[in-house]
Amino acid sequence: MNIYYEQTDSTNRIARELALAGRPAGTVVQAGRQSAGRGQYGRTFDSPVGGLYFSLLLHPDLPLERLSLITLAAGLSCRDVLHQCFNLDPLIKWPNDIYLGDKKIAGILCEQVPMNHLHGSLPVVVIGIGLNVNSQLVDFPVEIQPIVTTLREHLHAEVDISALLAQLVATIIKNVDLLGTDPQSMLGQWQQWDYLLSRAVVHTAGTVSRSGIGLGVTPQGQYRVLDDQGREHDIIGGQLRPLT
Ligand code: BTN
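Residues numbered from 1 in each chain as written. Predicted model: local features only at pLDDT ≥ 70, side-chain atom pairs only at ≥ 80, totals over all residues. Heavy atoms only, no water.

*Asks:* Help me understand the overall build of the chain, please; the structure alone is not making it clear to me.
*Replies:* Along its length, the chain carries 5 helices and 14 strands. Taking 2.2 N^0.38 as the reference for a compact globule, 244 residues should give roughly 18 Å; the C-alpha atoms of the chain span a radius of gyration of 17 Å, in line with that estimate. Considered along the principal axes of its C-alpha atoms, the chain spans approximately 50 × 45 × 35 Å. A separation threshold of at least 6 residues defines the contact pool for the chain, and within that pool the share at least 24 residues apart is 62%. Within the structure as shown, the chain displays about 11600 Å² of accessible surface, and the carbon and sulfur contribution to it stands at 51%. Within the chain, one finds 18 positive and 23 negative side-chain charges whose respective centroids are separated by 4 Å. (Helix = DSSP H or I, 4+ residues; strand = E, 2+ residues; numbered from the N terminus. Rg over C-alpha atoms; globule rule 2.2 N^0.38 Å. Contact = heavy atoms within 4.5 Å. Areas by Shrake-Rupley, 256 points an atom, 1.4 Å probe, with all protein chains shown as cover. Lys, Arg positive; Asp, Glu negative; His and termini not counted. Charge placed at Lys NZ, Arg CZ, Asp CG, Glu CD.)

Written out as structure tokens, the structure reads:
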């Protein structure tokens, strides 16, 4: 079932409430714009008119240790759809930002909904995606205009947002299913589009920062960094970004 709001605060918030109210897997909440879109690290996600903002509710039949791979599967899905539909070649910045060149075109926020086993034993997950589609740079706050891009900017044309949503939802479901049968195949595909691979990176966790070189994603979905002293670190959380 698809639910559409011309404007709301956050589709992830609504999808989470619907999950708690027992709505089934496959429910999609979409908004034309968001006033308080949620981003990673507790940030706000700018969501002007013209973007695709949606949250997909899933009950993935996966062992607990594979749940963290869902965010990577969602990023791969965005990458695949942008390539298949528009012949673009975006890269994925671990864990789940989509970049065209050096500018961000999409962000992903996956959240697990604690259900107290009311709905059986399957986990409940909300996959939230914000993709800059028909918006223009002037629609974003001045300070982020230099670091974002939109499909319209690349294609010089408007895109059918509904068709794009349908394609994305189908591809996410396919890639999350793949996590159940062959997670290494999903990770193998992800590795081909790694924005940070072999680049100088900085990892920040709290007040501690460490620089190094990106070595790629591990079989568990963490990100491996070779630090300046030659030691390898597998990163789970915090923020990882290119040095330049
Ligand atoms: C990020 O880049 O930090 C993640 C952004 C995720 C934004 C999407 S837009 C649809 C969904 N609803 C939200 O409130 N957040 C996600």
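*Asks:* Got a minute to help me understand the nonpolar core in this structure?
*Replies:* Note on soluble globular proteins: their nonpolar side chains tend to be buried together. Within the largest apolar cluster, 52 residues are counted, with the highest numbers of intra-cluster contacts made by Leu52, Phe54, Ile127, Leu131, Met186 and Trp190. For this core, the elements supplying multiple residues, two or more each, are strand 5 (52–58), helix 2 (70–86), strand 7 (97–100), strand 8 (103–113), strand 9 (124–131), helix 4 (161–181), helix 5 (183–191) and strand 12 (223–227). (Core = buried A, V, L, I, M, F, W, Y, C linked by side-chain atoms within 4.5 Å. Buried < 20%, exposed > 50% of the residue type's maximum accessible area, 1.4 Å probe, protein only.)

*Asks:* Whenever I open this one, the packing of aromatic side chains confuses me. Can you help?
*Replies:* For any pair of aromatic rings, geometry is given as the distance between the ring centres together with the angle between the planes. Counted under the stated rule, the structure contains 2 aromatic pairs. Residues Trp94 and Tyr223 carry aromatic rings whose centres are separated by 6.0 Å and whose planes lie at 50 degrees to one another, so their mutual orientation is tilted. Pair noted here: Trp94 is in the loop between strand 6 (91–93) and strand 7 and Tyr223 is in strand 12, with a separation of 129 residues, a long-range link. For the residue pair Trp94 and Tyr223, the accessibility class agrees, reading buried in each case. (Phe/Tyr/Trp six-rings, centres within 6.5 Å; stacked < 30°, edge-to-face > 60°.)

*Asks:* Is there a simple way to think about the site of the ligand in this case?
*Replies:* Surveying the vicinity of the ligand reveals 19 residues, the closest of which are Ser10, Thr11, Arg38, Gln40 and Lys104. Between the ligand and Gln40 there is a distance of 2.7 Å, counted from an oxygen atom to a backbone nitrogen or oxygen. Taking Lys104, its side chain carries an N or O atom lying 2.5 Å from an oxygen atom of the ligand. When the ligand is considered free in solution it has 410 Å² of accessible area, and contact with the protein chains removes 97% of it. Going through the elements one at a time, helix 1 (11–20), strand 3 (37–38), strand 5, strand 8 and strand 9 are the ones with two or more residues in the shell around the ligand. For the shell around the ligand, the element with the most residues is strand 8, which contributes 4 residues. Of the residues belonging to the shell around the ligand, the class tally is 5 nonpolar, 11 polar and 3 charged. (Near = heavy atom within 4 Å. Polar contact = N/O pair within 3.5 Å; in protein donor to acceptor, adjacent residues only side chain to side chain. Nonpolar A, V, L, I, M, F, W, Y, C, P; charged D, E, K, R; others polar.)

*Asks:* Before we go on, may I ask you to explain the sheet that holds strand 12 in this structure?
*Replies:* Strands belonging to one sheet form pairs held by backbone hydrogen bonds; the direction of such a pair is parallel or antiparallel. The 5 strands lie next to each other as 13-12-11-10-14, forming an open sheet whose pairing is antiparallel. Strands at the two margins of the open sheet, each flanked by one partner only, are strand 13 (232–235) and strand 14 (239–242). Here the average twist between neighbouring strands, direction ignored, is 40 degrees. Bridge count between strand 10 (residues 200–205) and strand 11 (residues 208–217): 6 bridges; the pairing is antiparallel. Each bridged residue has a counterpart across the sheet, and for Ala200 the counterpart in strand 11 is Ile213. (Pairing = 2+ DSSP bridges. Axes fitted to C-alpha atoms, helices over the stretch in contact; angles between N-to-C directions.)

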